[in-house]
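# Summary of structural features
In case you want the letters, here they are:
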2 protein chains.
Amino acid sequence: MAIKLYDLRLKGDRRPSPFCWRAKFALAHTGLAWTEVPIGFTDKAALAFAQSTLVPVIDDGGTPVKDSWQIALHLEATRPERPLFKSTQARAFAEFASGWTDQTVHPGLFPLLVADLYDKVEDKDRAYFLETRGKRFPGRTFDEVQRTARESAIPAFRASLHPARRALGTGVYLCGEHPGWADYALASALLWCRAVSSFKPLAEDDALVPWFERMLDLYDSMGRRAPATS
Amino acid sequence: MAIKLYDLRLKGDRRPSPFCWRAKFALAHTGLAWTEVPIGFTDKAALAFAQSTLVPVIDDGGTPVKDSWQIALHLEATRPERPLFKSTQARAFAEFASGWTDQTVHPGLFPLLVADLYDKVEDKDRAYFLETRGKRFPGRTFDEVQRTARESAIPAFRASLHPARRALGTGVYLCGEHPGWADYALASALLWCRAVSSFKPLAEDDALVPWFERMLDLYDSMGRRAPATS
């Protein structure tokens, strides 16, 4: 029985959630097939079977698993033939890269795309998005937040990607010869942006640009085939 | 012939340089003996043989190598029997962790210890330190920078260590079962502070506290035996 992945959907079948992208990369890495159940921000009832209110959630033949990292650990435990981590050091790197992406990349990128994201939210979910995300920017509209960020915050955001640039070095992936969790975490953040905005978070001459192109090509061009905003 | 390591020395034989600590961990990891040549900030002539003006520099039987990362790569290439990295993924993690430590940990920690550090600088080097480090805080004394940082910047500094805390998880080292470069890079930053200041960068209940104790114990308690300020 194929795994079911509950995924966030916006207008035009856009799939923005970076955490859902991490789950998709984990599934693809492990060589698994899955079907997607697209839901809106407010379709919380669909996730109740997994005691969750947030995507991603998977239903693995009757076993519910919530949270992208827990999904990765579940796949690692149940499909050891194509391990995501291979060694305790690789798993530690994965944790490190997740922590860095959550703490540095997402907060840096969100203000740069928030108005474009809001614009793509389904009508029925707009009040929810405004209420939950608006709190992060008290007294400011999403348009104002995004405009200000693009005027002043791009250099700092790009500079903040320095650890990823160092990991890439002259190599192919952030994890070395083969793609791994650090690649999936950062590519998922960039796919979040790509789904909703024509904004280019990377400078043209950034070594991460050809890397991201490779990430878009991975797994039968899973990322490239996803609806984008250009 | 034992490797010679040129190391920065302050009053009381304190050894603060986090980059020299990285080099020492790399040497110890590789199972090598070395002798130290302690120098002051202004003893640039001692490093000329390696075309460097900064420590660490090693003299490996006539081969000069400068820069802690280049020293690590040199040891990896010339002593493959005790590899620092083992795999391209482990090396990518090492690069990532170096980049993160340089970009996040050092700039966060420096204002918290700068006055204590300046206080330990040898008299002959104080003008150099004031000139080169003072530029980072225009119009402010080191005392003022440090006092303000300790009043307001401790929570943000501690929060910034989130990726390391995630990598540690419930494990023993940031690199998993065995200590590796990510451990060495962060421990070196904390040893920088320990050498010159009684300030505690970590909260008492931080999971990184027992980890740092383990790091102080490593390699015949190399870190713990170093002159500290308490």
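None of the values given here were measured: they were computed from a predicted structure. (Residues numbered from 1 in each chain as written. Chains lettered and ligands numbered in written order. Predicted model: local features only at pLDDT ≥ 70, side-chain atom pairs only at ≥ 80, totals over all residues. Heavy atoms only, no water.)

## Section: the overall build of chain A
For clarity, the threshold we go by: Strands here are runs of E lasting at least two residues and helices are runs of H or I lasting at least four, both read from the DSSP assignment and numbered beginning at the N terminus. Atoms counted for the radius of gyration: C-alpha only. Globule rule: 2.2 Å times the number of residues to the power 0.38. In these tables, accessible area is a Shrake-Rupley quantity obtained with a 1.4 Å probe, and a residue counts as shielded only by the protein chains included in the view. Charge assignment in this entry is limited to Lys and Arg as positive and Asp and Glu as negative, and neither His nor the chain termini are counted. We put the charge of a Lys on NZ, of an Arg on CZ, of an Asp on CG and of a Glu on CD.
Summing up its helical and strand segments, chain A has 9 helices and 4 strands in all. Relative to a compact globule of 230 residues, whose C-alpha radius of gyration would be 17 Å, chain A shows 17 Å and is just as compact. Projected onto its principal axes, the C-alpha coordinates of chain A cover approximately 50 × 45 × 30 Å. For chain A, the computed accessible surface area is about 9,800 Å², with 53% contributed by carbon and sulfur atoms. Here chain A carries 30 positive and 28 negative side-chain charges, and the mean point of each set is 1 Å from the other.

## A few points about the pairing of strand E4 (residues 63–66) of chain B
Where a strand is regular, its side chains alternate between the two sheet faces. Residue and element names in this part refer to chain B. Basically, it comes down to this: Only when DSSP finds a minimum of two bridges between them are two strands counted as paired.
Here 4 bridges tie strand E3 (residues 57–60) to E4, and the two strands are oriented antiparallel to one another. Following the sheet pairing, Ile-58 is matched in E4 by Val-65. Connecting the antiparallel pair E3 and E4 is a turn made up of 2 residues, with Gly-61 showing a positive phi of about 60°.

## Remarks on the domain arrangement of chain A
Residue and element names in this part refer to chain A. Going by this rule: As annotated, the domain borders come from an automatic or database domain assignment. Any two residues whose heavy atoms approach within 4.5 Å are treated as being in contact. The term buried area refers to how much accessible surface (probe radius 1.4 Å) is lost by two components on association, counted for both of them together. Within this document, salt bridges are pairs made up of a side-chain nitrogen of Lys or Arg and a carboxyl oxygen of Asp or Glu, the two lying within 4 Å of each other. Side-chain atoms alone can form a polar contact between residues adjacent in sequence; in general such a contact is a pair of N or O atoms within 3.5 Å, and within protein one must be able to donate a hydrogen while the other accepts it. Put simply, Ala, Val, Leu, Ile, Met, Phe, Trp, Tyr, Cys and Pro go in the nonpolar bin, Asp, Glu, Lys and Arg in the charged bin, and everything else, Gly too, in the polar bin.
In terms of domain boundaries, chain A breaks down into domain 1 (3–78) and domain 2 (88–223). Look at where the C-alpha atoms of domain 1 and domain 2 centre, and you get two points 19 Å apart. Listed by partner, the interface residues are 25 residues for domain 1 and 34 residues for domain 2. Overall, the association of domain 1 and domain 2 removes approximately 2,600 Å² of surface from exposure, summing both partners, and the carbon and sulfur fraction of that is 69%. At the junction of domain 1 with domain 2, the criterion picks out 3 salt bridges. The salt bridge partner of Lys-124 is Asp-43, with a shortest N-O separation of 3.5 Å. Taken together, the links from domain 1 to domain 2 amount to 10 residue pairs in polar contact (both at pLDDT 80 or more). Broken down by element, the side of domain 1 that touches domain 2 gets its largest block of residues, 9 residues, from helix H1 (residues 18–29). Looking at the side of domain 1 that touches domain 2 residue by residue, the class counts come to 13 nonpolar, 4 polar and 8 charged.

## Considerations on the relation of the copies chain B and chain A
Just so we agree on the cut-off: What sets the superposition is a least-squares fit of C-alpha atoms, and only residues with pLDDT of at least 70 in both copies go into it.
In screw terms, the move from chain B to chain A is a rotation of 180° and a rise of 0.0 Å along the axis, fitting with an RMSD of 0.0 Å. The superposition of one copy onto the other is thereby described by a two-fold rotation axis. The position closest to the rotation axis in chain B is occupied by the C-alpha of Phe-93 of chain B, lying 3.0 Å away. Both copies present the same face, since 100% of the interface residues in chain B are matched by interface residues at the equivalent positions in chain A.

## Description of the interface of chain B and chain A
Contact with chain B, which involves 24 residues of that partner, is made by 24 residues of chain A. Of the roughly 2,400 Å² buried at the junction of chain B and chain A (both faces included), carbon and sulfur atoms supply 59%. For the interface between chain B and chain A, the tally reads 6 residue pairs in polar contact (both at pLDDT 80 or more). The element that contributes the greatest number of residues to the side of chain B that touches chain A is helix H3 (residues 88–120) of chain B, accounting for 12 residues. For the side of chain B that touches chain A, a count of residues per class yields 12 nonpolar, 8 polar and 4 charged.

## Notes on the sheet that holds E4 of chain B
Residues and elements named next belong to chain B. Put simply, the rule reads: Between the N-to-C directions of two axes lies an angle of 0 to 180 degrees, each axis being a line fitted to C-alpha atoms and, for a helix, fitted only over the stretch in contact.
Taken in spatial order, the 4 strands make up an open sheet running E2-E1-E3-E4, and their pairing is mixed. Edge positions in the open sheet fall to strand E2 (34–39) and E4, since each of these has one partner strand only. Mean inter-strand twist for the sheet, computed between neighbouring axes without regard to direction, equals 20°. Here strand E1 (residues 3–8) pairs with E3 via 3 bridges, running antiparallel. When the sheet's bridge partners are listed, Leu-5 is paired in E3 with Ile-58. The sheet contacts of helix H1 (residues 18–29) involve E1 and E2, and relative to E1 the element is tilted by about 155°. Running at roughly 135° to E4, helix H2 (residues 68–78) makes contact with E1, E3 and E4 of the sheet.

## Quick notes on the side chain of Ser-52 of chain A
Residues and elements named next belong to chain A. Looking at where Ser-52 falls in the secondary structure, it is placed in the loop between strand E2 (34–39) and strand E3 (57–60). A polar contact is formed between the side chain of Ser-52 and the backbone oxygen of Leu-54, at a distance of 2.8 Å. Once you skip the residues sitting within four places of it in the chain, Ser-52 turns out to touch Lys-44, Leu-47, Val-57 and Lys-66.

## A few points about the packing of helix H3 (residues 88–120) of chain A against helix H8 (residues 181–196) of chain A
Residue and element names in this part refer to chain A. Heads up, the condition is: When describing relative orientation, an angle under 35 degrees is termed roughly parallel and one over 145 degrees roughly antiparallel, while 65 to 115 degrees is termed roughly perpendicular and anything else oblique.
Where H3 meets H8, the axes come as close as 8 Å, and the angle between the chain directions of the two elements is 0°. Considering the angle they form, H3 stands roughly parallel to H8. Partitioned by chemical class, the residues of the contact of H3 with H8 number 17 nonpolar, 3 polar and 2 charged.

## Let's talk about the packing of aromatic side chains
Residues and elements named next belong to chain A. Spelled out, the test is: When two rings of Phe, Tyr or Trp (its six-membered ring) have centres within 6.5 Å they constitute a pair, described as stacked for plane angles under 30 degrees, edge-to-face for angles over 60, and tilted for the intermediate range. Exposure is judged per residue with a 1.4 Å probe applied to protein chains only, and the accessible area is read against the type maximum: over 50% gives exposed, under 20% gives buried, and values in between give partly exposed.
On inspection of all chains with the given rule, the structure shows 37 aromatic pairs over all chains. Ring plane angle 75° and centroid distance 5.5 Å describe the contact between Trp-69 and Trp-181, whose orientation is recorded as edge-to-face. Residue Trp-69 is located in helix H2 (residues 68–78), and its partner Trp-181 is located in helix H8; the two are separated by 112 residues in the primary sequence. As far as the burial class goes, Trp-69 and Trp-181 line up, both buried. Summarising the aromatic geometry, the rings of Phe-110 and Phe-137 are spaced 5.9 Å apart at their centres and angled 20° between planes, so their arrangement reads as stacked.

## Focus on H1 of chain A
All names here are of chain A. What counts here: To estimate how far a helix should extend, the number of its residues minus one is multiplied by 1.5 Å.
With 12 residues, H1 ought to run about 16 Å at 1.5 Å a step, and its terminal C-alpha atoms sit 16 Å apart, in line with that. Summarising burial for H1: 11 of the 12 residues are buried, a large majority. All buried positions along H1 are accounted for by Pro-18, Cys-20, Trp-21, Arg-22, Ala-23, Lys-24, Phe-25, Ala-26, Leu-27, Ala-28 and His-29. Those residues of H1 that are buried lie in contact with strand E1 (3–8), E2, H2, H3, H8 and helix H9 (208–225).

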